Each structure stands twice: as structure tokens, then as C-alpha cells.
Amino acid sequence: MKVDMSLSLVCQNVSLYRRRAGGSGRAILKHVDATLNAGEGAMITGKTGAGKSTLLHLLAGLRRPSQGQIIANGQPVSRWNTVHRDLWRRQVGIVFQHPHLIDEFSVLENVILPMIPRGASIAQLRNLARESLESLGISHLAKQMVSSLSGGEQQRVSIARAMVSRPDILIADEPTAHQDDEGAALVIEKFSGWKLPHTIVIVAAHDQRWFQHGNFADKHFLLEDGRLKELQ
Ligand SMILES: Nc1ncnc2c1ncn2[C@@H]1O[C@H](COP(=O)(O)OP(=O)(O)OP(=O)(O)O)[C@@H](O)[C@H]1O
Ligand SMILES: [Mg+2]
């Protein structure tokens, strides 16, 4: 398989401090180094509070590290100003740990919304959104209000929303946490299928089912108390 080596995502000596109520700082991530290349799937595991979600937010360009940098395709994304970072973020799809859907809107509208600034016609967006819902087995929910969905259904909508723009970098935080075995198998298969010569897929999960189905994880990282180790 020909691999497009131009896509890479590197975490270089990344630390993140958070201020406590009293004023003293606490390191949430400590000197994290990681390299992800095109075609790879990376799994990040670790106990509750280890810093998985925080690391994913940094990788997605949603916040800056206190120290160190995030480098995408050789460019220091974490140092860019907001306009450049926003443009870069269009290549990134993120599934948050909590779905962050808009209750007042339908499923289809929720999936379409993030695509609107990109200038495609609403008809095109509807088609893309329907395909994305279909691929997650929830096209029958398109017209429902998200507030009426189960937790597992909402989670699949949030995955469809992250995938609809066909991001080269797909980042997901516990995307099977609310899925039964059938749903988890579908989601894992979908993420495994997203690994292509020009993409990087990163998943944080406690869920052991990721290791039972297929071959998602080319790299497996363990976060312990803010420190990242690559397991062999
Ligand atoms: N906004 C915040 N302010 C201060 N501390 C925070 C904030 N967000 C997270 N933390 C702390 O950072 C640490 C890492 O949190 P994070 O959510 O990244 O963990 P996690 O590994 O994703 O956990 P889980 O498995 O429960 O999702 C935790 O101790 C948490 O309390
Ligand atoms: Mg988390």
C-alpha cells in the first residue's frame, strides 16, 4: 500500500497545567511525546482522570499546550493564530466524550450544521449527512429531534457529525461508551475502515472491545497520571 507520508501529527514534549482554585498549578499532561503517521490508528487508554480527553483536545487544536507543541505535517499548529488554526481544524473531525448536540434541532440538522460555513449547497449537505447517518445505521432517525434519542443513538449522531466532512484526522473520545455489542462492533468497524493511506485515526477508550474486534490499533498508548507511554 502506498502511504502518503505528508500527513503526520506529532506531540512534542507537551505539558498542560491547570490552575487550582487556590492559585497553585497542577500538571494534567507531563512531557508527552507521540508521533502518528498517515495510515495509522492509535488507541489511547488510561484510567479515569489520566488526561485522555485533555490530550485529544490538544491534538484537535481546541486548546494550546502550556509547554511543547503539536506539529501537523511539519507545521507547529499549536503556535498558529486562531484564523490559521481554524482552517487547519477543518481537516480534523472530533467526537467528544459527551455528544454536544443541539437539542432543538433534528438529527439531520445537527449533522449538517458544522458543514454550513464551508459553502456547499444545503441539498449537497443533506445528501452527505444522510450518507453519514446511513453508514452508522441510523438513517431512520434523520428527522427526529435529538432530545428524543437514546444515549447510544446520540453518540452515533455525534460520530456521523464528525465524519460528514471526511476529515483526514479523526479523533474520538470513548466513541463506544454507550453502545451495546452490536453498536460497538459497527462503530469499531467504521473507525477501522477510516484508516486510509491519507488519514490518521485516534481513539481514547476504556472499552476492551476495541482489542477484540479487528485491527484498529496500530499504536497503543497508555496515559498514566499525565504521562504517555507507547506499549509495544
Ligand atoms: N477544566 C478543568 N479544570 C481543572 N481540571 C480539569 C479540567 N478538566 C479536566 N481537569 C482535570 O484533568 C484531569 C484529566 O482529565 P481528563 O478529562 O483529560 O481525563 P480522562 O482521562 O479523559 O478521564 P475519563 O476516563 O474519566 O474521561 C482530571 O484530573 C480532571 O479533573
Ligand atoms: Mg475523558
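In what follows, the structure referred to is the one given above.
One structure accompanies this document, and this report is about it. Being a predicted model, the structure only gives us computed values, none of them experimental. (Residues numbered from 1 in each chain as written. Chains lettered and ligands numbered in written order. Predicted model: local features only at pLDDT ≥ 70, side-chain atom pairs only at ≥ 80, totals over all residues. Heavy atoms only, no water.)

1. Comments concerning the site of ligand 1
Part 1 of the reasoning: Every one of the 13 residues lining ligand 1 counts as a neighbour, but Arg18, Arg26, Lys52, Thr54 and Gln97 are closest to it.
Part 2 of the reasoning: Within the backbone of Ala50, one N or O atom sits 3.2 Å away from an oxygen atom of ligand 1.
Part 3 of the reasoning: The side chain of His206 places a nitrogen or oxygen atom 3.1 Å from an oxygen atom of ligand 1.
Part 4 of the reasoning: Taken by itself ligand 1 offers 640 Å² of open surface, and the protein chains cover 63% of this.
Part 5 of the reasoning: For the shell around ligand 1, the secondary-structure elements that each account for two or more residues are β2 (25-37) and α1 (52-59).
Part 6 of the reasoning: Looking at the shell around ligand 1 residue by residue, the class counts come to 2 nonpolar, 7 polar and 4 charged. (Near = heavy atom within 4 Å. Polar contact = N/O pair within 3.5 Å; in protein donor to acceptor, adjacent residues only side chain to side chain. Areas by Shrake-Rupley, 256 points an atom, 1.4 Å probe, with all protein chains shown as cover. Helix = DSSP H or I, 4+ residues; strand = E, 2+ residues; numbered from the N terminus. Nonpolar A, V, L, I, M, F, W, Y, C, P; charged D, E, K, R; others polar.)

2. Some remarks on the nonpolar core
Part 1 of the reasoning: Leu133, Phe191, Val203 and Trp210 are the most contacted members of the largest nonpolar core, which totals 34 residues.
Part 2 of the reasoning: Counting residues per element, this core draws most heavily on helix α5 (residues 151-163), which supplies 5 residues.
Part 3 of the reasoning: Ignoring any residue separated from it by four or fewer positions in sequence, one finds Val203 in contact with Ala42, Met43, Ile44, Ala172, Pro175, Phe191, Trp210 and Phe216.
Part 4 of the reasoning: Judged by nonpolar contacts, the second largest core, of 33 residues, contains Leu59, Ile94, Ile202 and Leu228. (Core = buried A, V, L, I, M, F, W, Y, C linked by side-chain atoms within 4.5 Å. Buried < 20%, exposed > 50% of the residue type's maximum accessible area, 1.4 Å probe, protein only. Contact = heavy atoms within 4.5 Å.)

3. Focus on the coordination of the magnesium ion (ligand 2)
Part 1 of the reasoning: Around the magnesium ion (ligand 2), the protein contributes the donor atoms Ser53 (OG) and Gln97 (OE1), which lie 2.0 to 2.3 Å from the metal centre. Taken together, the residues Ser53 in helix α1 and Gln97 in the loop between β5 (92-95) and α3 (107-112) connect sequence positions 44 residues apart.
Part 2 of the reasoning: By relative accessible area, which is 33% here, Gln97 ends up partly exposed. (Donors = N, O, S within 2.8 Å, 3.2 Å for Na, K, Ca; no water.)

4. With respect to the side chain of Ser132
Part 1 of the reasoning: Within the secondary structure, Ser132 is located in helix α4 (residues 122-135).
Part 2 of the reasoning: Excluding residues within four positions of it along the chain, Ser132 makes contact with Ala160, Met163 and Val164.

5. Quick word on α5
Part 1 of the reasoning: For α5, built from 13 residues, the straight-helix expectation of 18 Å at 1.5 Å per residue is met to within 8% by its first-to-last C-alpha distance of 19 Å.
Part 2 of the reasoning: By the burial criterion, the buried members of α5 are Gly152, Gln154, Gln155, Arg156, Val157, Ser158, Ile159, Ala160, Arg161, Ala162 and Met163.
Part 3 of the reasoning: Those residues of α5 that are buried lie in contact with β5, α3, α4, β6 (169-173) and α6 (181-194). (Expected span 1.5 Å × (residues − 1).)

6. Some words on the sheet that holds strand β1 (residues 8-19)
Part 1 of the reasoning: Read across the sheet, 3 strands follow the order β2-β1-β4 without closing on themselves; strand pairing throughout is antiparallel. Looking at which strands have only one partner, the edges of the open sheet turn out to be β2 and β4 (67-72). The sheet shows a mean angle of 20° between the axes of neighbouring strands, taken without regard to direction.
Part 2 of the reasoning: Where β1 lies against β4, 5 bridges are found, and the strand directions are antiparallel. Bridging across to β4, Gln12 finds its partner in Gln69.
Part 3 of the reasoning: Its contacts with the sheet put α1 on β1, β2 and β4, and the angle it makes with β1 is roughly 125°. (Pairing = 2+ DSSP bridges. Axes fitted to C-alpha atoms, helices over the stretch in contact; angles between N-to-C directions.)

7. Concerning the pattern of salt bridges
Part 1 of the reasoning: Per the stated rule, a full pass over the model turns up 7 salt bridges.
Part 2 of the reasoning: The shortest N-O distance in the salt bridge between Lys30 and Asp225 comes to 3.1 Å. Taken together, the positions of Lys30 in strand β2 and Asp225 in the loop between β8 (219-224) and β9 (227-231) put the pair 195 residues apart, joining distant regions of the chain.
Part 3 of the reasoning: The salt bridge involving Arg209 is made with Asp207; its shortest N-O contact spans 2.8 Å.
Part 4 of the reasoning: Looking at Asp207, the relative accessible area reads 13%, which means it is buried.
Part 5 of the reasoning: One continuous salt-bridge network, built from bridges that share partners, spans Asp181, Asp207 and Arg209. (Salt bridge = Lys/Arg side-chain N within 4 Å of Asp/Glu carboxyl O.)

8. Observations regarding the pairing of strand β7 (residues 200-204)
Side chains on a regular strand alternate between the two faces of the sheet.
Part 1 of the reasoning: Counting buried positions over the 5 residues of β7 gives 5, a clear majority of the element.
Part 2 of the reasoning: Judged by which residues are buried, β7 turns out to be covered on both faces: Ile200, Ile202 and Ala204 on one side and Val201 and Val203 on the other are all buried.
Part 3 of the reasoning: Alignment of strand β3 (residues 41-45) against β7, held across 4 bridges, turns out to be parallel. Paired with Ala42 across the strands is Ile202, a residue of β7.
Part 4 of the reasoning: Bridge count for β6 against β7 is 5 bridges, and the pairing is parallel. Within β7, the position partnered with Ile169 by the bridge is Ile200.
Part 5 of the reasoning: Of the crossover connections in this fold, the one passing from β6 over α6 to the parallel β7 is right-handed. (Right-handed = clockwise from strand over helix to strand, strands pointing away.)

That's the geometry; what it means functionally is another story.
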